[in-house]
Amino acid sequence: MRRMCLADHGISGSNGGGDIRIGGGIQGGEGLMQAVRTYVGPGAVVSADATVNGNGGSVVVYSKDATVIGGQLNARGGVAGGNGGFIETSGANGFAIASVPDVTARHANSSGGTWLIDPNNITIVSTEDVASNINDASPFATSNDNAQLGVNLIQQALTGGANVTITTGAAGADTEAGNITWNADADLDYDGTGSNSLTLNAVGGITINGDILDLTAAGTDLLNLSLLAGTSITLNSAINLGGGDAVLTAGNGAITQPGGSITADLLTANATAGVTLMTNVNSLSVVNSGVAGNIAITEANGLTVASLVNAAAAGQISLVSTTGNIEHNHGPEQRQDHNLPQTTT
């Protein structure tokens, strides 16, 4: 059994950070051997920074089973210029992290990097600085297969200028489906984060129960949100992106919104079993590419339709605006043999 433990390591450079691989390569690839379990101890610092002028490097902490990160991971841009780098933290069956990796750009004219989180199943929880499945006496002994991530760690990473990506894996001997569940009490307030992107990429389904919004009503921050699910997407909360764009993709299932609404500039939704959404957007593009399912959009203030396509032979398209007008920019529109109601009430 291969195990990897680490205290401190750095490969920073004045004109750019280097590449650090602990326990395996990016998402287990790059032709590198894979550790069964990987542990970065509390107080350890792993850095691939650009110290002067250049982009941050890349850091991967990976395992085929359980990954526990108690220390700090850095891939920062240079103080005189340069973008933040790339950090991946992955564990196929168990994953826990105690602090936010730093992929910030330390110069005003540069952009933050990307933090990729890649466990099997993951739950976004309200508990601050959560480090799930950690046993202090034996760091590699996880209590269960489900990874947990405190929503405050996501907020902190966005504040630091990172584009945060949370990606599930499908490896391991367990029976997890690779789902992402965002708990109802784990609201994300992106106030003060600037303009960043948050991507959830699941092999299975994505369920959002917690609100995503800027609690400062007059704030200038915006968040671009991408929900990319292998199966279905379910939205049960208020999502307000402050002028950011939303991309919703359900690879083998429906996009549904039993509760709440989604506010964005441009909303792009693609599914294979229908799309039902409550929206407040400026522009809309929706495609249902499956053999069944309807498209039903209820818009709050009027919008411009870029495209509406339903490939289902018996499917319906309903687009209703409660207070504003619906306009077309002459994008693709497929009606089959059904009607396309466009009404203002």
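Residues numbered from 1 in each chain as written. Predicted model: local features only at pLDDT ≥ 70, side-chain atom pairs only at ≥ 80, totals over all residues. Heavy atoms only, no water.

J.: Teacher, can you tell me more about the overall build of the chain here?
T.: Counting its regular elements, the chain contains 1 helix and 32 strands. A total of 345 residues make up the chain; the buried ones form 51% of that total. When contacts within the chain are restricted to residue pairs at least 6 apart in sequence, those whose partners lie at least 24 apart make up 57%. Put simply, the chain shows about 13,300 Å² of open surface, and 48% of that area lies on carbon and sulfur atoms. (Helix = DSSP H or I, 4+ residues; strand = E, 2+ residues; numbered from the N terminus. Buried < 20%, exposed > 50% of the residue type's maximum accessible area, 1.4 Å probe, protein only. Contact = heavy atoms within 4.5 Å. Areas by Shrake-Rupley, 256 points an atom, 1.4 Å probe, with all protein chains shown as cover.)

J.: Is there a simple way to think about the environment of Gly244 in this case?
T.: Secondary-structure assignment places Gly244 in the loop between β22 (239-240) and β23 (246-250). When the C-alpha atoms of Gly244 and Ser197 are compared, they prove to be 8.7 Å apart, with 47 residues separating the residues in sequence. Every residue in contact with Gly244, bar those within four places of it in the chain, is listed here: Leu222, Leu223, Asn224, Ala264, Asp265 and Leu266.

J.: Mind showing me how you'd approach the pattern of salt bridges here?
T.: Any two side chains of opposite charge can pair, so long as their charged atoms come close to each other. This structure, assessed with the given rule, holds 3 salt bridges. The shortest N-O distance in the salt bridge between Glu30 and Arg21 comes to 2.7 Å. We classify Arg21 as partly exposed; its relative accessible area is 26%. With a shortest N-O distance of 3.1 Å, Asp65 and Arg37 are connected by a salt bridge. (Salt bridge = Lys/Arg side-chain N within 4 Å of Asp/Glu carboxyl O.)

J.: Help me understand the side chain of Asp49 in this model?
T.: By secondary structure assignment, the location of Asp49 is in the loop between β5 (45-47) and β6 (58-61). Only 2.7 Å separates the side chain of Asp49 from the side chain of Arg76, close enough to count as a polar contact. Discounting chain neighbours no more than four positions away, the residues touching Asp49 are Ser12, Gly13, Gly16, Gly17, Asn74, Ala75, Arg76 and Arg106. (Polar contact = N/O pair within 3.5 Å; in protein donor to acceptor, adjacent residues only side chain to side chain.)

J.: Looking at this model, I keep getting lost on the pairing of strand β27 (residues 295-299). Mind explaining?
T.: The side chains of a regular strand alternate between both faces of the sheet. Here β27 shows one buried face, formed by Ile295, Ile297 and Glu299, and one open face, formed by Ala296 and Thr298. Pairing geometry for strand β26 (residues 275-288) and β27, over 5 bridges, is parallel. Directly across from Val275, in β27, lies its bridge partner Ile295. Strand direction decides the pairing type here: β27 and strand β29 (residues 317-321), joined by 5 bridges, are parallel. Bridging across to β29, Ile295 finds its partner in Ile317. (Pairing = 2+ DSSP bridges.)

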